[in-house]
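Spelled out from the first residue to the last, the chains are:
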Amino acid sequence: MFGAGGGTSSYREAEETNLIILWGSNARETHPIFIHHLLRGVRNGARLIAVDPRRTSSAEWADVWLGIDVGSDIALANAMAREIIHAGLHDTEFIKRATTGFEEFARCVEAYTLERAEAETGVPAAAIKEVALDYARAERGMICWTLGITEHHNATDNVLALINLGLLTGKVGRYGCGLNPLRGQNNVQGGGDMGAIPARMPGFQDLEDPDIHARFATAWGGARFPEKKGWHLSEMFEAMDRGELRSAYIVGENPARSEADQTRAVRLLSGLDHLVVQDIFLTQTAQLAHVVLPAAAGWAESEGTVTNSERRVQRVRRALEPPAGARDDIDIICDMARRLGSDWGHPTAEQVWDECRALSPMHAGMAYRRLDELGGIQWPCPDESHPGTQFLHARLWKDPVEGTPAPFHAVEHDPPVDRLTEEFPIRLTTGRRLDSFNTGVQTGEYTSPLRASEALLISPEDGKRLGVEDGECVRISSRRGSVEADVRFEATLRPGLAFMTLHFPDQVSTNVLTIDATDPKSGTAEFKASAIRIDKLAPVP
């Protein structure tokens, strides 16, 4: 966010704000820790707005639910911005002092009238206006989002549209105000912090900046490493398809089941000259590998740190020894380096962390001792006298502004790539459930009283129109393939919208249906917007 890849706010602020827009996030099921802070805010009087195609269990807590059509988020955000500007509720002083690009942005959103937005989004014009003005008038307000915004072919522009609303109303850089991407898995934030992004080094430092590159090279004994950004995950699969990427080393990921257009992903992984998988389970991806490296479970069998969605770095402590044959990730990687000709020794997790602190200014003050004493610290924390940073970008309220002003971005509505037609008339969106996790590898072997088998959720109206019964097995087809699954009627779904998860790939390979159209800026696939049809199965003779 404005040069820092993390949410601006702390969890505590969600408890003490006046209005929260939960946009494209069913946090009640997918972020069960954060939702308790949010609901505490609701109990303290905060107004909750849910923007989601489905009337989710999170939306049930909301004062207002905007049942948006899948993939029309920019049209909604731009229309809200236009209403705020026309009502004179934009923070002109903040915009003038702390931002750039407002004039171009204002020209862009002028075309997004309430009437156009209603046509594009399916949300009544009066509801759009109400939410826009409520957000602008709130003394404190925050926008939180997750994969419902980012799993689209224009994911980055979706996020920029939400950031524009925060800048327009001056709701960033102040307590109880902010823009917050809720991370979808444990330590996703930490992965980004540590440089698991093609163009970044730890601390979100630019790999292509010569001074930064030289500092890391010097610290690593003059080591040579790439000076240009690499491929993100989607680009890696494209390179496999071109024959340019012939080997892969996959750590703790199951792309044979988690990638969009699963059939293509499996074909490309199977065609590699050499595939190494390092994991705690023999996943479907590991079953395709030439070499499998059994790893310790980081959450219970290793020492280290994790970072959550409020940028809080916390200690992880080994609770038990890994089983025979499984090894700590650090030990595996250092042994790999040694066999490749670079002896990194046998560092402990704390020694690795101290090296990170020496090279990443935003982590510099986070010694293990302080993480223990303070129960975690929020970055940036530049030295060991610093308490950590509760919320980001207070600098934008300094006069003059410290650092670079925050830019507006003019972005335009761009509907889903997989268009609805007579042949494929139903919009499939995918997501998660509270009882399960991702491709089910870590949760599938455990029972839960909440868990039901995979099914295609559709509205009762669609069931009646298609002539299918609740519980009937049907064929579901997209432009990429077909699967069979039971239908389950779901009153929270509007006609024309269907929902599935990817939690049970052994039952239903949902990602056979999803499209791998990707956002060129982030590399995220459009999991949230596939076009499908539903066919009755021929009766068994």
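Our structure is the block above this text.
Reading guide: rules and limits
- Residues numbered from 1 in each chain as written.
- Predicted model: local features only at pLDDT ≥ 70, side-chain atom pairs only at ≥ 80, totals over all residues.
- Heavy atoms only, no water.
- Helix = DSSP H or I, 4+ residues; strand = E, 2+ residues; numbered from the N terminus.
- Rg over C-alpha atoms; globule rule 2.2 N^0.38 Å.
- Buried < 20%, exposed > 50% of the residue type's maximum accessible area, 1.4 Å probe, protein only.
- Contact = heavy atoms within 4.5 Å.
- Areas by Shrake-Rupley, 256 points an atom, 1.4 Å probe, with all protein chains shown as cover.
- Lys, Arg positive; Asp, Glu negative; His and termini not counted.
- Charge placed at Lys NZ, Arg CZ, Asp CG, Glu CD.
- Phe/Tyr/Trp six-rings, centres within 6.5 Å; stacked < 30°, edge-to-face > 60°.
- Lys NZ or Arg CZ within 6 Å of the ring centre and 35° of its normal.
- Pairing = 2+ DSSP bridges.
- 1 Å grid on protein atoms, 1.4 Å probe; cavity = no way out; pocket = protein on both sides within 12 Å on 5 of 7 lines; lining within 4 Å.
- Points joined across faces, edges and corners; volume = space filled by probe spheres on them.
- Nonpolar A, V, L, I, M, F, W, Y, C, P; charged D, E, K, R; others polar.
- Core = buried A, V, L, I, M, F, W, Y, C linked by side-chain atoms within 4.5 Å.
- Polar contact = N/O pair within 3.5 Å; in protein donor to acceptor, adjacent residues only side chain to side chain.
- Arc of directions from axis to C-beta.
- Salt bridge = Lys/Arg side-chain N within 4 Å of Asp/Glu carboxyl O.
- Axes fitted to C-alpha atoms, helices over the stretch in contact; angles between N-to-C directions.
- Parallel < 35°, antiparallel > 145°, perpendicular 65-115°, else oblique.
- Left-handed = near helix turned anticlockwise from the far one by under 90°.
- Expected span 1.5 Å × (residues − 1).

Caption draft 1: Representation of the overall build of the protein chain in the model. Looking only at helices and strands, the protein chain features 19 helices and 21 strands. Against the 2.2 N^0.38 benchmark of 24 Å for 541 residues, the protein chain shows a C-alpha radius of gyration of 24 Å, consistent with a compact globule. Across its three principal directions, the C-alpha atoms of the protein chain cover 75 × 65 × 45 Å. Burial analysis of the protein chain (541 residues in total) assigns 54% to the buried set. Relative to all contacts within the protein chain whose residues are 6 or more apart in sequence, the contacts with residues 24 or more apart total 69%. Carbon and sulfur atoms provide 52% of the accessible area of the protein chain, an area that totals close to 24,000 Å². If the 57 positive side-chain charges of the protein chain are averaged to one point and the 77 negative ones to another, these points end up 2 Å apart.

Caption draft 2: Structural detail: the packing of aromatic side chains. In total, this model carries eight aromatic pairs according to the counting rule given. Here Tyr175 and Phe391 contribute two aromatic rings whose centre-to-centre distance is 6.4 Å and whose plane-to-plane angle is 75°, an arrangement assigned as edge-to-face. You can see Tyr175 sitting in the loop between α10 (155-168) and β6 (178-181) and its partner Phe391 sitting in the loop between β14 (377-378) and β15 (406-407), a full 216 residues away along the chain. Its end group placed over the ring of Phe499, Arg54 keeps NZ or CZ at 3.7 Å from the ring centre.

Caption draft 3: Representation of the pairing of strand β5 (residues 141-145) within the structure. A large share of β5 lies buried, amounting to five of its five residues. Both faces of β5 are covered, namely the face carrying Gly141, Ile143 and Trp145 and the face carrying Met142 and Cys144. Of the strand pairs in this sheet, strand β1 (residues 19-23) and β5 are connected by five bridges, and their pairing is parallel. When the bridges of β5 are listed, Ile21 appears paired with Ile143.

Caption draft 4: Representation of empty space enclosed by the protein within the structure. In total, this model carries one cavity of 30 Å³ or more according to the counting rule given. Residue assignment for the lining of the largest cavity shows that the elements contributing at least two residues are α1 (11-15) and β5. Of the residues in the lining of the largest cavity, the class split is six nonpolar, four polar and one charged.

Caption draft 5: View of the environment of Asp157. With respect to the helices and strands, Asp157 occurs in helix α10. In sequence terms Asp157 and Leu179 are 22 residues apart; their C-alpha atoms lie 15 Å from each other. When residues no more than four places from it in sequence are discounted, the contact partners of Asp157 are Ile74, Val411 and Lys521.

Caption draft 6: Molecular detail of the nonpolar core. Counting 54 residues, the largest nonpolar core has Ile21, Trp23, Met80, Ile143, Leu165 and Leu168 as the members making the most contacts within it. For this core, the element with the highest residue contribution is helix α4 (residues 73-86), accounting for nine residues. Leaving out residues up to four positions away in the same chain, Leu165 has contacts with Trp23, Ala77, Met80, Ala81, Ile84, Tyr135 and Ile143. In terms of nonpolar packing, the next biggest core, distinct from the first, is built from 17 residues, Val474, Ala485, Ile532 and Ile534 among them.

Caption draft 7: Main features of the side chain of Thr492. Its location among the elements puts Thr492 in the loop between β19 (482-489) and β20 (497-501). A distance of 3.1 Å separates polar atoms of two side chains, one belonging to Thr492 and the other to Glu490. The contacts of Thr492, once residues within four sequence positions are left out, are Arg54 and Arg55.

Caption draft 8: Just helix α6 (residues 102-109), in detail. Taken together, the buried positions of α6 are Phe102, Phe105, Ala106, Cys108 and Val109. The arc that holds the buried residues of α6, viewed along the axis, is 160°, so those residues lie on one side. Exposed side of α6, more than 90 degrees from the buried face: Glu103 and Arg107 are the residues found there. Buried-residue contacts for α6 involve α4, α5 (92-98), β4 (99-100) and α10.

Caption draft 9: The pattern of salt bridges, seen in detail. The full count for this structure, using the stated rule, is 39 salt bridges. Where Arg327 meets Asp335, a salt bridge forms, and the shortest distance between an N and an O atom there is 2.9 Å. Through salt bridges that share partners, Asp354, Arg357, Arg369, Glu373 and Glu384 make up one connected network.

Caption draft 10: Main features of the packing of helix α13 (residues 233-242) against helix α15 (residues 262-270). For the pair α13 and α15, the least separation of the axes is 10 Å and the interaxial angle reads 60°. For the element pair α13 / α15, the angle class is oblique. Along this stretch, α13 crosses α15, giving a crossing that reads as left-handed. Contacts from Phe237, Glu238, Met240 and Asp241 of α13 reach α15 at Arg264, Ala265, Arg267, Leu268 and Leu269.

Caption draft 11: Main features of α10. Compared with the 20 Å implied by 1.5 Å per residue over 14 residues, the 20 Å span of α10 between its first and last C-alpha is a close match. Most of α10 is tucked away: twelve of the 14 residues are buried. Of the positions making up α10, those classed as buried are Ala155, Asn158, Val159, Leu160, Ala161, Leu162, Ile163, Asn164, Leu165, Gly166, Leu167 and Leu168. In the stretch just after α10, Gly170 is the one whose phi turns positive, near 70°.

Caption draft 12: Spotlight on the sheet that holds strand β13 (residues 312-316). The sheet built from three strands is open, its strands ordered β12-β13-β14 with antiparallel pairing. Lying at the two open borders of the sheet, with one neighbouring strand each, are β12 (304-307) and β14. Across four bridges, the pairing between β12 and β13 is antiparallel. Bridge pairing in β13 links Gly304 to Val316.

Caption draft 13: Region of the structure containing the sheet that holds β1. Reading across from one edge, β3-β2-β1-β5-β6 is the order of the five strands in this open sheet, with parallel pairing throughout. Of all the strands in the sheet, just β3 (64-66) and β6 have a single pairing partner and so form its edges. When the angles between neighbouring strand axes are averaged without regard to direction, this sheet yields 15°.

Caption draft 14: Spotlight on unusual backbone geometry. Note that the residue after Trp379, namely Pro380, is joined by a cis bond; omega there is 0°. Here Pro380 shows up in the loop between β14 and β15.

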